[in-house]
Amino acid sequence: MTRKPLTSKSTDDVVTRRVEELDTIAAVLPMERRDELAELLTDQDVETLRHLVNEGMGANTLRALTSDLAYLQAWSLAASGRSLPWPAPEALLLKFVAHHLWDAQKRLTDPHHGMPPEVEDALRLQGFLRTSGPHAADTVRRRLSSWSTLTKWRGLQGCFASPALKSAIRLAVRAVPRTRKRKSAKAVTGDVLADLVATCRTDSLRDVRDRAILMVAFASGGRRRSEIAALRTEQLQPEDPLRTEDGSALASLSIDLGRTKTSSAESGERVYLTGRPVDALNAWLTAAKIETGSVFRAIDRWGNVSRRPLDPKAINDIVKSRARLAGLDPADYSAHGLRSGYLTEAANRGIPLPEAMEQSRHRSVQQASRYYNPANRRVGRAARLLD
């Protein structure tokens, strides 16, 4: 579907209307790019997103779909001068693969290989491209999957299962192998966490909040940044104190995870916190005078606590900021390092993988063991036959 020419005034009116419509589903969209989305997305795009919200699709899935849709629209406009056609012809899908999975070495001798420079420049100018080189195969597959999902939600059939498309992706990946990069270069293990928490040494609201975020995210099994940002007081359930061997009592609570990346809202999954993380969380709730609603919120320059939850990106920024204050290289750490760090620390302490997965809520043993096995192997008996 191509856009009809609009006068300057009518264009402004259309964009303003789309901004207002996007505001109605702000809770599940990357609203820091709201104005940009309003210009990129068509009326039908916005209506599709509103429909998905009404269908109860998870917030994180919707954010990813919206982000991918915005990228696809921007790419289509740059590559063809038109908005995405629905359904997309097979030739356009193949062009998308050719523009994103290419051989960097071949580009040195053939400047027309891969994404054309004018398309790359247009996407970079809009902030959709931040690095050079071909895309990761997983990113291309995810965007094609989002494209396919949105096509189906429009009641249309696409060519996403065509042999030609599958073959093109397979051959491109084989020709240009890429080393898989971790989301966090280094894991935030127990010793690193202690260094980060040590930077939250004052009773300022920001220090009290960040201390609680770091300790709760780690101790609850390495929760994803989206889960920490979306945490609400209704999910917290006080539990009976746990008695220690010396007779003292440790505060305890459970967290109802609700809908997560790998579970539905009806699964009833819970994780538990005991001791210092509970104390840190309660200290924040008391200091910020939070009794209902979002747990972790923004704090302005004057020390006022917002009513809105932190953006998931803010959790990542906090980890990096605390790493910098601790004298560590912030490039080595991200919010995902808390998740990988939890499993790494569990392995270092000899906690069985199934027990650690009960807290981390990993569904796949293969995925969890990517973090768990290296630590086990390094200190295990198999690596010490001749010690």
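In what follows, the structure referred to is the one given above.
Here we summarise the structure given alongside this text. This is a predicted model, so every value here is computed, not measured.

**A closer look at the sheet that holds strand S2 (residues 249-256)**
Overall, antiparallel pairing links the three strands, which are arranged S1-S2-S3 in an open sheet. Each end of this open sheet is capped by a strand with a single partner; those strands are strand S1 (236-243) and strand S3 (270-274). Across this sheet, the average inter-strand angle for adjacent strands is 25°, counted without regard to direction. Here S1 runs beside S2; their pairing, made up of six bridges, is antiparallel. Following the sheet pairing, Pro-238 is matched in S2 by Leu-253.

**Details of the packing of aromatic side chains**
Under the definition given, this model contains six aromatic pairs. When the ring of Trp-75 is compared with that of Phe-96, the centres are 5.1 Å apart and the planes differ by 90°; the resulting orientation is edge-to-face. Highlighted residues: Trp-75 in helix H4 (residues 59-80) and Phe-96 in helix H5 (residues 90-100), separated in sequence by 21 residues. A single burial state applies to Trp-75 and to Phe-96, both of which are buried. Counting every residue linked through ring pairs, the aromatic cluster contains Trp-75, Phe-96, Trp-147 and Phe-160. The residue whose ring lies beneath Arg-107 is Trp-102, and the NZ or CZ to ring-centre distance is 4.1 Å. One residue, Arg-154, lies across the ring of Trp-86, its end atom 3.9 Å from the ring centre.

**Here we look at the side chain of His-135**
Of note, His-135 is situated in the loop between helix H7 (117-125) and helix H8 (137-153). Side chain to side chain, His-135 and Tyr-71 meet in a polar contact 3.5 Å long.

**Brief notes about the nonpolar core**
One finds Leu-236, Ile-255, Leu-281, Trp-284, Val-295 and Phe-296 to be the most contacted residues of the largest nonpolar core, which totals 46 residues. Considering each element in turn, this core owes the most residues, eight residues, to helix H11 (residues 205-219). Leaving out residues up to four positions away in the same chain, Phe-296 has contacts with Arg-209, Ala-212, Ile-213, Ile-228, Ala-229, Leu-231, Leu-281, Trp-284, Arg-308, Pro-309 and Leu-310.

The rules behind these values
Residues numbered from 1 in each chain as written. Predicted model: local features only at pLDDT ≥ 70, side-chain atom pairs only at ≥ 80, totals over all residues. Heavy atoms only, no water. Pairing = 2+ DSSP bridges. Helix = DSSP H or I, 4+ residues; strand = E, 2+ residues; numbered from the N terminus. Axes fitted to C-alpha atoms, helices over the stretch in contact; angles between N-to-C directions. Phe/Tyr/Trp six-rings, centres within 6.5 Å; stacked < 30°, edge-to-face > 60°. Buried < 20%, exposed > 50% of the residue type's maximum accessible area, 1.4 Å probe, protein only. Lys NZ or Arg CZ within 6 Å of the ring centre and 35° of its normal. Polar contact = N/O pair within 3.5 Å; in protein donor to acceptor, adjacent residues only side chain to side chain. Core = buried A, V, L, I, M, F, W, Y, C linked by side-chain atoms within 4.5 Å. Contact = heavy atoms within 4.5 Å.

By themselves, these are just geometric observations and shouldn't be taken as functional.
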